[in-house]
Every structure is written in C-alpha cells, then in structure tokens.
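The lines below spell out each chain.
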Amino acid sequence: MIAKEDMHNERFERYYKAQRILPEDEWESFMEAMRTPLPTTFRVTGSRQAARLLNDTIKDVHVPHLADVVFEGEAVPPPTQISWYPEGLAWQLNVAKKVVRKSPEFKKFHSFLVYETEVGNVSRQEAVSMLPPLFLEVEPHHRVLDMCAAPGSKTAQLLEALHAHDSMTASSYPSGLLIANDSDYKRTHMLIHQAARLPSPALMVTNHDASIYPAIKIPSEQVVFPTATKQRVAAKKQYQLLFDRILCDVPCSGDGTLRKNIAIWNHWQPMDGNGLHSLQIRILERAMRMLKKGGRIVYSTCSLNPVENEAVVAAALKSIPGFEVVDMSNHLPSLIHRPGMTTWIPTVDRNITTDFHTYKDHWDSLSEDQRKQSKMLESHWPPTGEEVEKLNLTRCMRIYPHLQDTGGFFIAVLQKIPAPSTSNQGASKSDGKRQAEAVDGLETSAVKKPKLATELSSATEVEPTRAAVETTEDIDEELPDEAVEESDPSIVDPLPQPAPAVNPEEFKKQQKGKKHRGDGGGAGHFKENPFTFVSPDDPIIQACMAKLRLQPSFPTQNILVRNPEGDPVRSLYLTNDIVKHVVQHNDCIRMRLMTAGTKVFAKQEGVEAKREGTEAQFRVLAEGLPAVLPYIEPGAIVEADVASLKILMETYYPLCSRFSEPFKSLIESQTTGSYVVRFRPGQVDDTTLAHELVLPIWKSNVSVTLMIDKKAKSALSLRLFGQDITIAAKEASSKRKAEASTPADDDTEAQKDAMIVDSSDSKAETTPS
Ligand SMILES: C[S@@+](CC[C@H](N)C(=O)[O-])C[C@H]1O[C@@H](n2cnc3c(N)ncnc32)[C@H](O)[C@@H]1O
C-alpha cells in the first residue's frame, strides 16, 4: 500500500508537463485527483427492460435507505447516478471501505450489490471504461468485432446493445454478430465467463493476435448486391466479412488507471508507451481494413500518453486513407472532456529527453550504430502542421481525473467515409499505401498479401511483425467495388446442408502431437474442440422439441455440439444464422474459435432420466432459456404463483404434494423431465412479485427442483423476500453456527428421488451431500 504522500513519480510529472497535456493552472488539481482513491462505480446490466426494473429498485428502495446515514458523526453520501450514462443505469459510490464494513445500511446495500454482481445483473466497472461502447452505438443487426476484449466489461455492453430488444423474460434473436477476441488464451476464458451472464446466439469468442486478425469468409447469401446481375455474378462465391462496428480497446501503459492501480506510481516510465505504440497502430490498421464503408471504429486507451493516443490515430489515418475522426463531442452532453492534442514531443529515452522536435532531428543526432538500435519511429512524433489540419485530431476526446472524478481515458471515433466520391478510386496504388476501397472485401489483393513493412513510411521505422497476416486465398476478388455488402439483416439464407466445420478424421490428425494451447499468435498449437452442427432430424433434438413443445420455427438447424462427429453427447448450443455461416465457412482452428452461440440444453445424468428414455435426457438450461422461450408453445408453460416459488426457493427437492392447486395437479400429472414455469405476479405473506418470472424446473418422480444456480437463487431471494431464504443460505448459516442441521421431513423422501445433476454444468443446482 502506498501512502498518499508517497504518490509521486518525478518522471511522470516531468513528461506530462513537457507534453502540456493540461493548462498550467489545472496541474495541481489534476495531480491531487490522481492521488485520490477512485469512487466505486457500477452499471446495471442486461436487457433494457430488466435493467430498468433493477435500477428502479436501487433508486426507490436502496437510495432512500442510504439517504440519511451518519457515520462517526459525518453524513455519508448515498450512491448517485452518473449523469452522462444513458437512462441513469450507471452509479457512483463515494464511500470509504470502513463505512461499507461497519454501517448496517451500507453493509446491506453492499451485500445486495455483491449478489447482483455474482449473477451478472450488476457490473462493477470504471466509469470511463463504460464510454467506448456508448460511442459505438451498436444496433441489433450490426456485425461487431471487439478486438482486445478481455476481461470483457465492454463486451458485455456491446452484447447488451445487440440484445436491446430483449423482453423481461425472453431474449431477442439478433441478426447481428459480436466477435470478442483477445490474444491471451487464459483471458479469453474470462470473456466466456462474462458472456455467460448475457447468453447470446450471436456471440463468438476468438483467441487471436488482433494485429493479424484473419479475414473471415461468408457466403454470398450474406451479401446484398445492388443489381440482380451482380447477384448472379456473385452467386456461390465467398466474401470477406466486414464489420459495422469495431472496438479497439488496445493494450496500453494504463497510466489513466493510477487512482486504482497505485503500484504504477513506483514503476511508471514513458518508454512503456513508446514500446506499445507500434502494436497499437497495427491493431488499429487491421481494424480499418476489416470495416465496412460507413462503419465505425472506437479506438480507446486508459493512457494519457499522446504517443499511445493521437500519434496512433494520426499514423493509421495517414497510412490508410478514406477514414475520418468523427466529432462526437455532443453525443453525451454532460460528459466533460478535452480535445485531442495536436502536438507533443516524444522522449527518446527513460530520462525524459524531449529535445527533438522532429524525427529527423533525432535521426540526425544518431550514429550509424545507434540508428540500427533505435526503436523510435517517425510516427512517435506529431504530424506536420499541414497534416494536423486534415486529420482533425482535436475531435479525439481526452478525459482527465479532475474533470468529473474518474480515471483518465482517451477515445477516438473513426468512420470509414461512406460516399464513393470521397474514396480513393483515382489514387495510384503504387504509392505504397493501401487504398481504403481495396479492403471492402471484394477487391482484396492488398489484403491477401499485406506487407506491414510497407505501411509505414520508412523501413527503419518498422518493428518486425510476429507473424505475417494470414491470407484470404479463397476469397473472391473479382467483383467490382460497388458490390460491397450492405448490412441488411433480412438477407439470411440458411445454407442447404449442415456440414461439420472440421472433418472428424482431419481433426484427430491435427490434434495429434499438439501438447499445449498456444497464445493467440495465429500460428498452430490451438486445441479446442471443433464446432459441428447437428442434423435437425437428430432424435435428441427432436426429443427436446417434443418435451418442451417447441414450435416448428425453432431454429433446429442452428444447433451445434463440440465434437467432430456432431453427436449430441453433453451440451447443445444455439447460434444465429450469421454465426452459423461463419462457423461453416471458416477453419475454426485458423480463426482460433473458442466459443460460438449459447448453451441451451444439457444432458441430464441420473438413473431416472435414463429410465424415462430419450425425451427425459436433456434439459433446458436457465442460461439458455431466454433464447428458447419465444419458441415454446404458450400452453406448454406451466403456470405457478409466488407461493410455489417460495417453496422452490426454500427447499431443494420439495414434494409435488406440498404445492397448492392448480400447480400441484399440473405438475403431478407430468412425466419426468425438463419443464418451464411461469410465476405470475402476486403476493405471498408480505412479498410482492411485481413482474412475471420464467424459470426452468426438473420434475422427478415425486418432487420438483428449481434449476437455477445457487447464487442466482440467493440473489432472487434477496430481491424478492429481502433475505436469503434458500436452503443453501440456511445450511451455510447453520454451519457457521456449528449447529446440526436436520433436513425438512418431506425432503427425505424427495432426496431419494433426487437426480444427480451433470457436474460439468456449473450453472445447475447441485445435489446436497
Ligand atoms: C485494455 S485491455 C482490454 C480491456 C477490455 N476491452 C475490457 O473492457 O474488459 C487490453 C487487452 O488486450 C489484450 N491484448 C494484448 N495484446 C493483444 C493483441 N496483440 N491482440 C489482441 N489482444 C491483445 C490483452 O490480453 C488485454 O486483455
């Protein structure tokens, strides 16, 4: 722990003063804010309707309780809504830890937040980190790429935007796509965990170096052509998938997070930023080459260093024409920010040597040997006066900690200019700079053989790339520019035959000898199970359809499994059409695909399930239910009241006979298996269920189980009953008090009857020992 008086770094102050990041008279308040702990901020997550409801609980129940708290003689401020966040869904809490620990009111609010965070209804996230997705303005039909996504707080926001049309209980089926990527294999698992909180058939997770992200192929059915002739010409060809929105939240030196990561005070030095600059440019340039005309990129860092920010944006804009920085300064009117910088002086060493005003000055000062060693690039320096005018760097947005009590942050919104008249069709390609038009997926020779070394102005300025950008050999290059695909969500023709993405024999061969999982460098050593679509006629799929009474419109053709044979052995995943096309038309190993779609059904292990035959072998998962719900025949959903919900929360395996009518008879008459229950709004004792809830249950011989995760059950209980009435909480409490616990009478028989839940499904309730 570093004391406030020790929060100094002489180089930090000297470097940023030399850069003139702020007017002199703001310096002290900037530094004071940097040394002050960051307020706690969190966001209410999920689909808009559900989020609004939980937000109302915070606003109308918790905040009034916290309004007049006095701790050790001082008034404690209640949480406040962050003014610039849409619909007031983000909150700030400026309370010392000891208040949270000791004040009963804040303690209660804290446990509410902990539970809601664990089940994914609340996300603790730095306020400034919530900004980039807001500037992307994602819509449900957009194809979105999050290039450096882990741990995934912004991915969650992007996913929520794709699912903006979800209802309280049912998920929408967006026609768009979100690919969340990170080059760190372990961190991609954080992404998968994060995404499980908002399960989506439109999500894919990949593990690639973003600077060499592979071109993704899609069939012509996914491309809209302006004329019928072109459609005919285009038939049966494949195209490069271009994105409507790309987030480049790149790796950076992170000095904007000093208030949170106070260890940075000890080791900050400016060469970290210099070193990352080149990778940051390569990632942004790769994004620009994968963007659709009219599409938008947000480039962001949590660094204040112009070398990682404006310098990167300027270098990329100079290297790839056809893009502009968009003025988004009025997008969030109450967000206070400063314009991007137009001039700075990079340091050429750790000692803050900022004597060289141009790259040439620096170069001329070096001996031959020093030149060979130098890692400085021309792009570390600001553009010339003339270039600065054209680049509109002042449209970038800088956020400093003292402006509104946040961390430091940088955002640039780039747009690929849509109008053909502003493209570079007339320009010569021989100038060594690739044309923006050439990357619209249809005229892709430059994409095929990118020579990153030629993208920067001098060979001596280039750091060696780790691997060549993968080629797009089999992507059609013939079509003229104007046949560029449009994002028309209606054009989604399913392919005729579900085919395995990987040949099973080929896959086994590929797996042989691969002993470790590599990090997303693009080269080999990738060992994930393949993705195979199951035939819609498969007996297991048909059994799931029959048991849950799914309507024929349920997209059975979009169910995949994670084995090369396509056998539904454990879990079944649902994808939307675009995810299916991507899986089927691309080598998942080359893409380094970690997940696709959302898990909807899982095998139910246990003697009883086996005895009952195919129909009872799979169950709908709580996480997948919102995606399945819109397809369930209305009459197939079992109706119940809040009193039944209370019984299901209090007991693991209540006997059917414990419930009141009509639920009791309804459930008793059902055979073993997976069912969906709708709990109607209503009252039990002094608890009101204000809106309907739809949850999965498992019906055994004589008992019923609510199939939701223990933590989700506890969070629901806290929200509904004001306390955790679940059996798990009671057990934990008895254990704590070291008292012997005796199960309720009617549980004893039910326990005999209890199924053993597939232990691989972490979401499922577990059997008590
Ligand atoms: C600033 S963090 C991203 C934070 C994330 N967007 C979020 O909101 O949770 C940068 C991420 O970039 C990843 N990364 C570093 N180099 C990368 C590369 N070459 N390609 C892709 N990801 C990279 C790191 O593993 C890290 O997870």
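Note on numbering: residues in each chain are counted from 1, in written sequence order. Note on the predicted model: pLDDT of at least 70 is required for a residue's local features to be given, and 80 or more for side-chain atom pairs to be given and counted; whole-chain, interface and lining totals, by contrast, use all residues.

> So what's going on with the pairing of strand β1 (residues 40-44)? Residues and values would help.
Looking along a regular strand, one sees side chains alternate from face to face of the sheet. Counted residue by residue, β1 has four buried out of five residues, so it is predominantly covered. In this scheme, strands are said to pair when DSSP sees at least two bridges between them. We count a stretch as a helix when DSSP gives it H or I for four or more residues in a row; a strand needs E for two or more, and each element gets its number in order from the N terminus. Sheet topology places β1 next to strand β6 (residues 122-124); three bridges connect them, and they run antiparallel. Bridge pairing in β6 links V44 to V122. Exposure classes come from backbone-placed C-beta atoms, where a residue is buried if 20 or more other C-beta atoms lie within 10 Å of its own, exposed if 12 or fewer do, and partly exposed in between.

> Please give an account of the site of the ligand that cites residues and values.
The immediate surroundings of the ligand are formed by 19 residues, with C148, K154, S183, A210 and D249 found nearest. Looking at side-chain class alone, the shell around the ligand contains eight nonpolar, five polar and six charged residues. Being near a molecule or strand means, for a residue, that its C-beta atom, positioned from the backbone, comes within 6 Å of it. Amino acids outside the nonpolar list (Ala, Val, Leu, Ile, Met, Phe, Trp, Tyr, Cys, Pro) and the charged list (Asp, Glu, Lys, Arg) are all regarded as polar, and Gly is one of them.

> Would you mind going over the sheet that holds strand β20 (residues 571-574) in detail, with residue names and values included?
Strands pair in a sheet through their backbones, by hydrogen bonds, and they do so in one of two ways: parallel or antiparallel. Taken together, five strands build an open sheet; the order of strands is β18-β19-β20-β22-β23 and the sheet is antiparallel. This sheet does not close on itself; its edge strands, each paired only once, are β18 (532-533) and β23 (618-620). Where β18 meets strand β19 (residues 559-561), two bridges bridge the pair, whose relative direction is antiparallel. When the bridges of β19 are listed, F533 appears paired with L560. Docked against the sheet, helix α19 (residues 539-548) engages β19, β22 (598-603) and β23, running at close to 50° with respect to β23. Contacts are defined on C-beta atoms placed from the backbone: any two residues whose C-beta positions lie within 7 Å are in contact. Fitting a line to C-alpha atoms yields each axis, with helices limited to the stretch in contact; the angle taken between N-to-C directions then spans 0 to 180 degrees.

> Can you lay out unusual backbone geometry for me, pointing to particular residues and giving the numbers?
A negative phi angle is the norm for most residues apart from glycine, just as the trans form is the norm for most peptide bonds. A cis amide bond links A150 to the next residue, P151, at an omega of 5°. Looking at where P151 falls in the secondary structure, it is placed in the loop between β7 (143-146) and α7 (153-162). Cis geometry marks the peptide bond from E661 to P662; its omega dihedral reads 5°. We note that R20 has phi near 55°; this positive angle belongs to a residue other than glycine.

> Kindly report on the UniProt feature "active site" (unreviewed entry) in the chain, identifying the contributing residues and their values.
UniProt positions are given in the numbering used here, feature names are shortened, and annotations may be inferred rather than shown by experiment. Mapped onto the present numbering, the UniProt feature "active site" (unreviewed entry) falls at C302. Structurally, C302 can be placed in the loop between β13 (291-301) and α12 (310-319).

> I'd like to hear about the sheet that holds strand β24 (residues 638-640), residue by residue, with values.
Spatial strand order, β24-β25-β28-β29: four strands in an open sheet with mixed pairing. The open sheet has two free edges, formed respectively by β24 and β29 (704-706), since each of these has just one partner strand. Direction aside, the axes of adjacent strands within the sheet are offset by 40° on average. Examined bridge by bridge, strand β25 (residues 673-679) and strand β28 (residues 693-699) share seven bridges and lie antiparallel to one another. Across the sheet, V677 pairs through a bridge with L695, a residue of β28. Against the sheet, helix α24 (residues 642-650) makes contact with β24, β25 and β29, and its axis sits at roughly 85° relative to β29, the strand it touches most.

> A description of the packing of α7 against helix α8 (residues 185-195) should follow, citing residues and the corresponding values.
Two elements in contact, α7 and α8, have axes separated by 9 Å at closest approach and are oriented at 40°. Of the possible angle classes, the one that applies to α7 and α8 is oblique. The element α7 and its partner α8 pack so that their crossing is right-handed. For the pair α7 and α8, contact is made by T155, A156 and L159 and by L191, Q194 and A195, respectively. Split into classes, the residues belonging to the contact of α7 with α8 amount to four nonpolar, two polar and no charged. Relative orientations are named as follows: roughly parallel for angles under 35 degrees, roughly antiparallel for angles over 145 degrees, roughly perpendicular for angles from 65 to 115 degrees, and oblique for any other angle. Two helices crossing with the near one rotated counterclockwise from the far one by less than a right angle form a left-handed crossing, whereas a clockwise rotation gives a right-handed crossing.

> Help me get a handle on helix α5 (residues 104-118), residues and values and all.
Every α-helix winds through 3.6 residues per turn, so residues three or four apart in the chain are directed the same way. Helices are assigned an expected span. That span is 1.5 Å times one less than the residue count. Here α5 is 15 residues long and its end C-alpha atoms lie 21 Å apart, about the 21 Å a rise of 1.5 Å per residue gives. Looking at the buried positions of α5, the neighbouring elements they touch are β1, α3 (48-66), α4 (97-102), β6 and α26 (710-721). After α5 finishes, the residue G120 shows a positive phi value of roughly 90°.

> Tell me about the environment of H357, and please be specific about residues and values.
For H357, the location among the structural elements is in the loop between β15 (338-339) and α13 (359-364). Accessibility expressed as a C-beta count within 10 Å gives 12 for H357, which makes it exposed. Separated by 14 residues in the primary sequence, H357 and T343 have C-alpha atoms spaced 9.7 Å apart.

> Account for the environment of T406, naming residues and giving values.
By the secondary structure assignment, T406 is in the loop between α16 (401-404) and β17 (409-416). Non-local contacts of T406, meaning those with residues more than four positions away in its chain, are made with A127, V128, I399 and P401.

> Would you mind going over the packing of helix α11 (residues 271-289) against α12 in detail, with residue names and values included?
At their nearest, the axes of α11 and α12 sit 9 Å apart, and the two run at 45° to each other. As judged from the angle between their axes, α11 and α12 are oblique. When you trace α11 past α12, the crossing you get is right-handed. Judged by residue contacts, H277, Q280, I281, L284, E285 and M288 of α11 engage A311, V312, A315, A316 and S319 from α12. Residues that form the contact of α11 with α12 fall into these classes: seven nonpolar, three polar and one charged.

> So what about the nonpolar core? Which residues, and what values?
Grouped together as the largest cluster of nonpolar side chains are 163 residues, with contacts concentrated most on M147, L178, I246, C248, A287 and V313. The residues touching C248, leaving out its near neighbours within four places in the chain, are M147, C148, I283, L284, A287, I297, V298 and Y299. Y16, I21, L304 and I352 belong to the second-largest nonpolar core, a separate cluster that totals six residues. In these notes, a nonpolar core means any group of buried Ala, Val, Leu, Ile, Met, Phe, Trp, Tyr and Cys residues linked to one another through C-beta atoms within 7 Å.

> Residues and numbers for α3, please.
Under the 1.5 Å per step criterion, the end-to-end length of α3 is 25 Å for 19 residues, consistent within 8% with the ideal 27 Å. Here the bend at each residue means the angle between axes fitted to two seven-residue stretches, the one ending at that residue and the one beginning there. At I58, α3 shows its maximal kink, close to 25°. Turning to α3, its buried residues are N55, I58 and L66. Buried positions along α3 lie against β1, β5 (90-93) and α5.

> Give a detailed account of the environment of A316, specifying residues and quantitative values.
Note that A316 resides in helix α12. Under the C-beta neighbour-count criterion, A316 is labelled buried, with 26 such atoms within 10 Å. Separated by 222 residues in sequence, A316 and D538 have C-alpha atoms that sit 50 Å apart. Filtering out sequence-adjacent residues up to four positions away, A316 remains in contact with I281, L284, E285 and M288.

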